Amino acid sequence: MGFFAKLKEKFSKKDKTIETYDSGLKESRKAFTNRINKLAKKYSKINEEFFEELEEILVSSDCGISYTYKIIGELTDKVKKEKISNSEEITEILFDTILEDYVSTSPNEENNEIKFYEDRPTLILVVGVNGVGKTTTIAKLANRYIKAGKKTLLIAADTFRAGAKEQLTYWSEKVNADIVSSNKEGSDPSSVIYDGLERAKKEKYDLIIIDTAGRLQNKANLMAELAKMNKVITKEGFILDETLLVLDATTGQNGIAQARAFKDLLSISGIILTKMDGTSKGGIILAINSELKIPVKFIGLGEKMEDLELFSIEKYIHGLIENE
Ligand SMILES: Nc1nc2c(ncn2[C@@H]2O[C@H](COP(=O)(O)OP(=O)(O)O)[C@@H](O)[C@H]2O)c(=O)[nH]1
Ligand SMILES: [Mg+2]
């Protein structure tokens with residue numbers, strides 16, 4: 001059985017997650033896979049020009065230069081070794097190579113799921129620049145885990161952006177999460193975290209998620225602010241389990257630059273890539289994995305509360321080849 005057939009069989013029983021992937025990756029599928037198929041039709045035999053055009057498709061899908069060279073290199077080797085000259089087989093071999101490479105270079109996907117403990121709450125800090133989708137994603141995460149029976153508290157520590165508190169309050173009511181926020185705009189985010197954690201000491205929560213402002217333009221301030229937040233968390237006797245960086249897939253390579261800047265400031269445990277449904281350049285996930293070595297734990301595939309999925313490379317590829 002070929003690679004595509006195997007993958008399709010694996011996900012033949014359509015569940016909600018595979019549907020979210022398939023519909024959220026529609027634009028990327030149109031741009032990426034359709035172009036590769038056209039390319040394969042254009043060249044009856046594989047030659048150098050074929051690889052040059054394929055390289056161009058990968059780069060323009062935001063796969064990044066170094067990743068593109070690596071994959072083209074592996075593909076060229078396979079084509080030589082297996083004496084493949086027919087370009088029709090190449091799409092399948094390409095996606096197979098992408099999968100193999102991802103699995104061998106990224107941490108085990110099973111660790112993407114948030115862990116919970118009997119005796120203490122799981123604490124998540126969400127960071128990222130303005131507008132990438134932090135607050136929406138926090139609502140989606142809360143929704144996901146509240147539905148799984150986890151008592152959840154949101155802490156509105158973005159005291160910088162006007163309306164940020166109101167936005168999180170709106171979502172907390174929608175998804176039935178508790179919320180702690182400050183009455184004063186512009187107050188110290190660490191003091192809101194303090195208030196939130198004091199409340200968490202009195203009530204037993206399974207999950208606490210902290211929303212922050214993303215003021216990357218002033219690195220020194222941000223660093224001081226993050227250090228202070230960490231200090232409050234430790235002093236209050238909590239353990240920070242995850243620091244999740246939210247990146248907007250539609251910003252492409254710019255997102256990679258943001259990740260590098262954040263990585264310099266703090267230890268990121270995972271990335272949440274939002275707005276995958278709003279881009280045709282779905283290759284950004286592959287570039288993130290290859291260039292940053294931080295796992296993509298969740299992806300946002302739409303604006304609805306349910307449109308957040310644990311990242312799975314196989315489901316991602318399934319979404320890209322769905323109509324094959
Ligand atoms: N299409 C789409 N829009 C999203 C996604 N995630 C967030 N958004 C939108 O991005 C915009 C900014 O989100 P927000 O949570 O306020 O960003 P923040 O400034 O980082 O907190 C909002 O209009 C969200 O609806 C996603 O996965 N898909
Ligand atoms: Mg926000």
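Before going into details, it helps to say that this report is about the structure given with it. (Residues numbered from 1 in each chain as written. Chains lettered and ligands numbered in written order. Predicted model: local features only at pLDDT ≥ 70, side-chain atom pairs only at ≥ 80, totals over all residues. Heavy atoms only, no water.)

**Description of the overall build of the chain**
Rules: The helix count covers DSSP runs of H or I at least four residues long, the strand count covers runs of E at least two residues long, and both are numbered beginning at the N terminus. Three labels apply to residues, based on accessible area from a 1.4 Å probe with only protein chains included: buried if under 20% of the type maximum, exposed if over 50%, partly exposed otherwise in between. It only takes one pair of heavy atoms within 4.5 Å for two residues to be counted as in contact. The protein chains shown are the only cover counted for residues, whose accessible areas, like all others here, come from Shrake-Rupley with a 1.4 Å probe. For the purpose of counting charges, residues Lys and Arg are taken to be positive, whereas Asp and Glu are taken to be negative. His and the chain ends are not included. A charge is said to be at NZ when it belongs to Lys, at CZ for Arg, at CG for Asp and at CD for Glu.
Scanning the chain from N- to C-terminus turns up 13 helices and eight strands. By its C-alpha atoms, the chain is 70 × 45 × 30 Å across when sized along the principal axes. Residues counted as buried form 54% of the 324 residues belonging to the chain. Of the contacts made within the chain by residues no fewer than 6 positions apart, 78% connect residues no fewer than 24 positions apart. As presented, the chain carries roughly 14,800 Å² of accessible surface, and 49% of it is formed by carbon and sulfur atoms. Across the chain, the centroid of the 48 positively charged side chains sits 2 Å from that of the 52 negatively charged ones.

**Notes on the site of ligand 1**
For clarity, the cut-off: Definition of nearness: a residue and a molecule or strand are near each other if at least one heavy atom of the residue lies within 4 Å of the molecule or strand. N or O atoms closer than or at 3.5 Å make up a polar contact, with two conditions inside protein: a donor-capable atom paired with an acceptor-capable one, and, for residues adjacent in sequence, both atoms drawn from side chains. All residues other than Ala, Val, Leu, Ile, Met, Phe, Trp, Tyr, Cys, Pro, Asp, Glu, Lys and Arg, Gly among them, are scored as polar; the first ten of these are nonpolar and the last four charged.
Taken together, 18 residues sit near ligand 1, with Gly 131, Lys 134, Thr 136, Arg 161 and Asp 277 positioned nearest. At 2.7 Å from an oxygen atom of ligand 1 is found a main-chain nitrogen or oxygen belonging to Gly 131. At 2.8 Å, a side-chain N or O of Asp 277 approaches a nitrogen atom of ligand 1. Out of a free accessible area of 590 Å², ligand 1 has 82% covered by protein chains. No other element matches the four residues that helix H7 (residues 134-147) contributes to the shell around ligand 1. Split by residue class, the shell around ligand 1 holds three nonpolar, nine polar and six charged.

**With respect to helix H3 (residues 26-42)**
This is how the line gets drawn: Any helix carries an expected span of 1.5 Å times its number of residues minus one.
Here H3 is 17 residues long and its end C-alpha atoms lie 23 Å apart, about the 24 Å a rise of 1.5 Å per residue gives. Every buried residue belonging to H3 is among Ser 28, Arg 29, Phe 32, Thr 33, Ile 36, Asn 37, Leu 39 and Ala 40, and all of these are buried.

**So, helix H6 (residues 90-105)**
Look at H6: 22 Å from first C-alpha to last across 16 residues, which is about the 22 Å you get at 1.5 Å a residue. Residues Ile 90, Thr 91, Ile 93, Leu 94, Phe 95, Thr 97, Ile 98, Leu 99, Asp 101 and Tyr 102 constitute the buried set of H6.

**Focus: the environment of Asp 211**
By the element assignment, Asp 211 lies in strand S4 (residues 207-212). A residue is classified by how much of its surface remains accessible, and Asp 211, at 1% relative accessible area, is buried. Separated by 61 residues in sequence, Asp 211 and Ile 272 have C-alpha atoms that sit 14 Å apart. Setting aside residues no more than four positions away along its own chain, Asp 211 makes contact with Val 126, Lys 134, Thr 135, Ile 138, Ile 155, Ala 156, Ala 157, Asp 158 and Leu 168. Separated by 2.8 Å, the side chains of Asp 211 and Thr 135 make a polar contact.

**Section: the sheet that holds strand S6 (residues 270-274)**
Worth spelling out the cut-off: Two strands qualify as a pair provided DSSP detects at least 2 bridges between them. Lines fitted to C-alpha atoms define the axes here, with helix axes fitted over just the stretch in contact, and angles between the N-to-C directions of these axes take values from 0 to 180 degrees.
Pairing in this open sheet of eight strands is mixed, and the strands run S3-S2-S4-S1-S5-S6-S7-S8 from one edge to the other. A strand with exactly one partner marks an edge of an open sheet, and here the two such strands are strand S3 (178-180) and strand S8 (308-310). Taking the axes of each pair of neighbouring strands and ignoring which way they run, one obtains an average angle of 25° across the sheet. Examined bridge by bridge, strand S2 (residues 152-157) and S4 share six bridges and lie parallel to one another. Considered in S4, the bridge of Thr 152 is made with Leu 207. In the packing of helix H2 (residues 16-24) onto the sheet, the strands contacted are strand S7 (296-300) and S8, and the crossing angle to S8 comes to about 115°. Across the sheet, helix H8 (residues 164-175) lies against S2, S3 and S4, angled at about 170° from S2, the strand it touches most.

**Remarks on the packing of aromatic side chains**
Where we set the bar: Put simply, two rings from Phe, Tyr or Trp (the six-membered ring, in Trp's case) pair if the centres are within 6.5 Å, and we call them stacked under 30 degrees between planes, edge-to-face over 60, tilted for the rest. Two conditions define a charge sitting above a ring: the NZ of Lys or the CZ of Arg must be within 6 Å of the ring centre, and it must be within 35 degrees of the ring normal.
Inspection of every chain in the model, using the stated rule, returns nine aromatic pairs. When the centroid spacing of 6.0 Å and the interplanar angle of 55° are considered together, the rings of Phe 4 and Phe 95 count as tilted. Here the residue Phe 4 occupies a position in helix H1 (residues 3-10), and Phe 95 occupies one in helix H6, the gap between them amounting to 91 residues. Looking at Phe 95, the relative accessible area reads 0%, which means it is buried. On the numbers, 5.8 Å between centres and 85° between planes, the contact of Tyr 43 with Phe 50 is edge-to-face. Ring pairing ties together the aromatic residues Phe 3, Phe 4, Phe 32 and Phe 95, which thus form one cluster. When the ring centre of Tyr 117 is taken as origin, the NZ or CZ atom of Arg 120, which lies over that ring, is 4.0 Å away. The cationic tip of Lys 151 hangs over the ring face of Tyr 205; the distance from NZ or CZ to the ring centre is 4.8 Å.

**A short note on the packing of H7 against H8**
Formally: An angle counts as roughly parallel when it lies under 35 degrees, as roughly antiparallel when it exceeds 145, as roughly perpendicular when it falls between 65 and 115, and as oblique in every other case. Each helix crossing is assigned a hand: it is left-handed if the near helix lies turned anticlockwise from the far helix by less than a right angle, otherwise right-handed if that turn is clockwise.
For the pair H7 and H8, the least separation of the axes is 10 Å and the interaxial angle reads 20°. With respect to H8, the axis of H7 lies roughly parallel. Crossing angle aside, the handedness with which H7 passes H8 is right-handed. Residue-level inspection shows Thr 135, Thr 136, Ile 138, Ala 139, Ala 142, Asn 143 and Ile 146 of H7 in contact with H8, the latter providing Gln 167, Leu 168, Trp 171 and Val 175.

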